[in-house]
Every structure is written in structure tokens, then in C-alpha cells.
Protein chains: 2
Amino acid sequence: MSQPKSPIRTAAVFHTQWFDLLAKTMDEGDEPYYSLRLPDYAAIVALTADGRVLCVRQYRPAVERWTLELPSGLVDPGETPAEAALRELLEETGYQAADVEVLTPMLPDTGRLGNRIWSCVATGLSRVEGREPEDGIEVVALTVPELLRATADGEFDHALHVAVILLAQLRGKFPAMAI
Amino acid sequence: MSQPKSPIRTAAVFHTQWFDLLAKTMDEGDEPYYSLRLPDYAAIVALTADGRVLCVRQYRPAVERWTLELPSGLVDPGETPAEAALRELLEETGYQAADVEVLTPMLPDTGRLGNRIWSCVATGLSRVEGREPEDGIEVVALTVPELLRATADGEFDHALHVAVILLAQLRGKFPAMAI
């Protein structure tokens, strides 16, 4: 088996305000390997006292349609993953959480993306007076069976957030029930 | 709530052999929204007769380290997701499968990627004489509890493939056991 090795050269070939496109040369003379350098993601499973999960429905330009997802976003410079997750929860839903737990990070896409995704589980939720969900976002509170059924049926289909649910289940932070 | 709308203009601003970087203008005068246009992915849960899952360990330039994943890859032009999954299984592990089932597609990253990921579940596995795993790939056959424990611990950490496991569980194609 070949030994793994680091790139011999990495160049940022295109810059946007959200990510840089990197060209990594693994061997002299080979076509570079292209991937994105971007901040980590944080996604949050926010569990209400009556056993619902706060989800958001929004229009996504990358896929050009509405999606049903967990609240999530990029971790800003200087933020911890927990802070980013709580900020996104507040911005996208108008809820705050008394407690948040951060699970082991995962890799969003080992083929194309250089960042990590942090799974956060929040409890002790309350609505913040005067805070409305972000313009363009509809908040949907699903029961756990509803969320798992929406996953099985392909309605809750953001794969990174499906992964967050299984990780939370395996760490005992989310009910694993038959649907 | 704002009405969703399609981009008023989409331009390919950088081309690679694997993807195009798109700049989508949603409103005149606004900064474009950047995402990647690329073929669909296919990932395969290959279950052996003795209850193991074929995984692959390989070096990944995007994250610059070794990972433990399911066999997977891009769906080539003219291929179905099932054909792509079986081709990747053969190339990466040297195994063929008698049966393969394709589940509902998911979205790998609704923020940055325009493609879909197809989850495939294969049974009736057999080694193909003379076919070795691709250079640089180590095949690891994990029991289901081992795979779920590796997920909980963050060793099996490709989030898209963690999502494939939960979807397969929810569709009754993969054991959902406590670990």
C-alpha cells in the first residue's frame, strides 16, 4: 500500500467571503486535488420540554429548493462550536437554551471539504421575547417519531444533519425509537 | 416571510475535472452565492454473510489524514447510482454483490454542494478472484456493534456515511442495536 503523504504545495486559487478554493499538488506534475477551506460548521439538536425537535424550513440556493434542517451555521472566528450553535439557534428560531452539550466532531465531506461539523444537543429551551426567526425561515417543531419518519421518507434530507441525529442517538442524547 | 426565488444569474467561475464553482446571483447588486456543481455521490453499505460491514481506510487530501469510511464515489455519466456503488465497491474492496438496494437520496450539504448522495445497501457479497483493493486503500470489515461504536467515538467520522447508516437503519436495512 502507498504511504500517505501531505501535499507538496497548496495554493488558494479562488476566494469567496465564505471559503477559499484550494489546489493541493500531491505529486510533482500531477493535476492538483481541489477542495474547499472553510470554517467549521455547528448544528444543533434543540429538544423542547415536550419532546419536540426545533427544525427550520428555508430556501437553499445551492440546491435551489426548500429544505427541512436543524438550525446550523458556520463557527465564526473567536467562537466555540457551542457558542456558534446557540447563536444560530437564537437567530434562526428565536429560542435560547439553558444547556448545550457538544459531541465529537465529524468530517462533512472528506472528498471536498476541509472543515469539521460539531454536533450540539440543547435542552432547557425558552423563547426570547422580541426575537423572531430570521426572515425567510419557518420554524417547525417535530416530535422525535415525526423527525425520524421525515428522515426515512427523505423529507428531512440534509445528510449532515441526519448524521448529527445518529451521533446524538449513539451518545444517548436522543431517543432511538422505531418508527 | 420572503418568497423563495431562483437565482437571476448563474455563472461558472472556476472549472476542475471534478466540479464547477458556481456564482449564483439572487438579487441584482448582491454578492453572489457560491456553491459547487458536481455529479451525485453514491455510498454503499456492504453487509457480509457473517454480519460485517466492509469499510475502507484511506488517506484523504481534503482533510490531510486517514479516514475510515464506506466505499463510495461519484456517479459517472450514464451510470445509475446502484451501478456506481457496485463499481466503487469492486474497485475499493475487490468484492462484488448479488443484491443491491437504493434508498431515497439525501443532500450532502445544502449550503455548498448542489448534488445528491444515494445510499445503497448490498448483500450476497463475494470476493472477485484477482481483484485487489485499490492501491492506498485498506479494507476493514467491522461488525455492526464495532461500526456503531466507531461512530460514537468519532473514528468512523465521515458524516455523510454516518447519515447513510441511520437512513439504512430507519428503512429496516441495517441493524439498530444499542452499543
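Quick caveat: nothing in here was measured; it's all calculated off a predicted structure.

Each strand in a sheet pairs with its neighbour through backbone hydrogen bonds, running either in the same direction (parallel) or in the opposite one (antiparallel). Residue and element names in this part refer to chain A. In spatial order, the strands read β7-β4-β9-β8; together these 4 strands make up an open sheet with mixed pairing. Edge positions in the open sheet fall to β7 (72-74) and β8 (95-102), since each of these has one partner strand only. Going from strand to strand, the sheet's axes swing by 30 degrees on average, the running direction of each strand aside. Of the pairings in the sheet, the one linking β8 to strand β9 (residues 117-127) comprises 7 bridges and is antiparallel in character. Bridging across to β9, Ala97 finds its partner in Leu125.

Turning to the nonpolar core, a few remarks are in order. Counting 76 residues, the largest nonpolar core has Phe174(A) and Phe174(B) as its most contacted members. Each residue touching Phe174(A), except ones within four places of it in the same chain, is listed here: Val45(A), Leu47(A), Val53(A), Val144(A), Leu147(A), Leu148(A), Ile165(A), Ala168(A) and Gln169(A). By size, the runner-up hydrophobic cluster in this structure holds 13 residues, among which are Ala46(A), Val75(A), Leu89(A) and Leu125(A).

The next subject is the relation of the copies chain B and chain A. Overlaying chain B on chain A yields an RMSD of 0.0 Å, the required transformation being a rotation through 180 degrees with an accompanying axial translation of 0.0 Å. The relationship between the two copies is best expressed as a two-fold rotation axis. Rotation axis and chain B: the residue whose C-alpha lies nearest the axis is Ala163(B), separated from it by 2.1 Å. The residues that chain B uses at the interface reappear at the interface of chain A in 100% of cases, marking a shared surface.

Moving on, we come to the interface of chain B and chain A. Of the residues lining the interface, 68 residues belong to chain B; the matching set on chain A comes to 68 residues. Across the chain B to chain A interface the summed buried area is about 5700 Å²; carbon plus sulfur atoms make up 68%. Scanning the region where chain B abuts chain A turns up 2 salt bridges. A salt bridge links Lys24(A) to Glu64(B); the shortest N-O distance between them is 2.8 Å. The interface formed by chain B and chain A contains 20 residue pairs in polar contact (both at pLDDT 80 or more).

The rules behind each value
Residues numbered from 1 in each chain as written. Chains lettered and ligands numbered in written order. Predicted model: local features only at pLDDT ≥ 70, side-chain atom pairs only at ≥ 80, totals over all residues. Heavy atoms only, no water. Pairing = 2+ DSSP bridges. Helix = DSSP H or I, 4+ residues; strand = E, 2+ residues; numbered from the N terminus. Axes fitted to C-alpha atoms, helices over the stretch in contact; angles between N-to-C directions. Core = buried A, V, L, I, M, F, W, Y, C linked by side-chain atoms within 4.5 Å. Buried < 20%, exposed > 50% of the residue type's maximum accessible area, 1.4 Å probe, protein only. Contact = heavy atoms within 4.5 Å. Least-squares fit on C-alpha atoms with pLDDT ≥ 70 in both. Buried area = accessible area lost by both parts, 1.4 Å probe. Salt bridge = Lys/Arg side-chain N within 4 Å of Asp/Glu carboxyl O. Polar contact = N/O pair within 3.5 Å; in protein donor to acceptor, adjacent residues only side chain to side chain.

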